[in-house]
Amino acid sequence: MHASEHRNVQHAPVTKAVIPAAGRGTRLRPATKSQPKEMLPVGRKPTIQYVVEELFTAGLEDIIIITGWYKRAIEDHFDLNHGADLETEPFLSNDVFRGRDLNRHLFYVRQRRQAGLADAVLHGSAFVGKEPFVVALGDTIIYTPQGVPLVKRLIEAHRAIGAAATIAVEPVRPEEVKKYGIVAPKAETEGVFEIVDIIEKPSPQEAPSHFAVASRYVFEAVIFDMIRRIGPGVGGELQLTDAIRLLLREGYPVWCVRLAPDEIRYDIGNFVTYYRAFIDMALRDPEVGPKIGAYLRTVVTTSER
Ligand code: G1P
């Protein structure tokens, strides 16, 4: 289909975000047996706080977190301690939260039955209405050391292009494609590019590229119509990737934005990447980072002997 045949898409500002945080965290048991993986600390803060800070910093105004059974600690975290106000609450007193009334900008809804990522996103539809919105997976931290943060670049590209969906992607090794949604680029794959297809968790033979969906998206509200039309996919769950695929089939433009070379996606969904995230954040901690760095050097030297 030619660009001129693409369906028209509105270019409204993007002010809302949906954070799916209802997954069970089975790969992190027993750490997640009775607590949400989104509450696992990565250095000083739980994962979910990094995600919320990332979105507010990118200019989003209203956030809904999709929670579920045994996820109540997430809501408790963003409350004030009894008797505290924002100025004295030690964890929420940073610049991102100062002056922001979370009662009016941070919401929660429960997914009462596990039915997949697309179903979790659909739980945000009443909150989102007909507006475009960001989806940021609650178990993944995006670290942008310099320059414009990823979500902001996604929104800018989405609006400039008039896409129906704009997806963050990063290259992965061939043996890794089976863990991700993999996109089929239309032509070139520099910076920002258009795709013609997307497949959830393909085998290396099926994978149309090595560009994996990297946990941040911008959607027009039409994605909800697509989610309502798809059936169960990989793992018997409603897959967001399948809803995006339906968008493409219906002729809507879908684009990708690559992570910058120095940008890091920390997936707090398995122990290897969780440990890496913790170590990196501990090393970046202005107060204790140097001490941890010195300690790690001694440990590594000793264990290499
Ligand atoms: C989900 C998505 C997948 C995406 C991945 C990382 O998979 O279904 O398309 O590539 O997140 O963003 P999960 O990690 O939940 O298996």
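As a starting point, this report considers the structure included with it.

### Examining the pattern of salt bridges
The full count for this structure, using the stated rule, is 18 salt bridges. Ionic pairing is found between Lys71 and Glu38, a salt bridge with its closest N-O pair at 2.7 Å. Of this pair, Lys71 sits in the loop between β4 (62-67) and α2 (72-77) while Glu38 sits in the loop between β1 (16-20) and β2 (41-42), and the two are 33 residues apart along the sequence. Note that Lys179 is salt-bridged to Glu176, the shortest N-O span being 2.8 Å. On the accessibility criterion, Lys179 (45% relative accessible area) is partly exposed. With a relative accessible area of 18%, Glu176 lands in the buried category. Within the structure, one salt-bridge network assembled from shared partners comprises Arg44, Asp285 and Glu287.

### So, helix α9 (residues 271-284)
Over its 14 residues, α9 extends 20 Å from the first C-alpha to the last, a length consistent with the 20 Å expected when each residue adds 1.5 Å. Inspection of α9 places Thr273, Tyr274, Ala277, Met281 and Ala282 among the buried residues, and these make up the whole buried set. One side of α9 carries all its buried residues, which in axial view fall inside an arc of 170 degrees. Away from the buried face of α9 by more than 90 degrees, exposed residues Val272 and Arg276 are located.

### Overview of the site of the ligand
The environment of the ligand is made up of Leu117, Leu137, Tyr180, Gly181, Glu200, Lys201, Val213, Ala214, Ser215, Gln239 and Thr241. One nitrogen or oxygen atom from the side chain of Glu200 is found 2.7 Å from an oxygen atom belonging to the ligand. At 3.3 Å from an oxygen atom of the ligand is found a side-chain nitrogen or oxygen belonging to Thr241. Sort the elements by how many residues they give to the shell around the ligand and strand β11 (residues 211-219) lands first, with 3 residues. Per-class residue counts for the shell around the ligand are 5 nonpolar, 4 polar and 2 charged.

### A short note on helix α6 (residues 150-161)
Taking 1.5 Å of rise per residue, 12 residues should cover 16 Å, and α6 covers 16 Å from first to last C-alpha, within 8% of that figure. Among the residues making up α6, those that are buried are Leu150, Val151, Leu154, Ile155, Ala157 and His158. For α6, the angular spread of the buried residues around the axis is 165 degrees, confining them to a single face. Two residues or fewer after α6 comes Gly162, characterised by a positive phi angle close to 80 degrees.

### What to know about the side chain of Thr241
Looking at the secondary structure, you find Thr241 in helix α8 (residues 240-249). In this structure, Thr241 is in contact with Gly181, Ile198, Ile199 and Glu200, ignoring residues within four places of it in sequence.

### Topic: unusual backbone geometry
A cis amide bond, omega 5 degrees, links Arg29 with the succeeding residue Pro30. In this structure, Pro30 sits in the loop between β1 and β2. Even without glycine at this site, Lys201 takes up a positive phi of about 45 degrees. Examined against the element boundaries, Lys201 turns out to sit in the loop between β10 (192-200) and β11. Look at Ser215: it is not a glycine, yet its phi comes out positive at around 70 degrees. Tracing the backbone through its elements, the reader meets Ser215 in strand β11.

Cut-offs and rules
Residues numbered from 1 in each chain as written. Predicted model: local features only at pLDDT ≥ 70, side-chain atom pairs only at ≥ 80, totals over all residues. Heavy atoms only, no water. Salt bridge = Lys/Arg side-chain N within 4 Å of Asp/Glu carboxyl O. Helix = DSSP H or I, 4+ residues; strand = E, 2+ residues; numbered from the N terminus. Buried < 20%, exposed > 50% of the residue type's maximum accessible area, 1.4 Å probe, protein only. Expected span 1.5 Å × (residues − 1). Arc of directions from axis to C-beta. Near = heavy atom within 4 Å. Polar contact = N/O pair within 3.5 Å; in protein donor to acceptor, adjacent residues only side chain to side chain. Nonpolar A, V, L, I, M, F, W, Y, C, P; charged D, E, K, R; others polar. Contact = heavy atoms within 4.5 Å.

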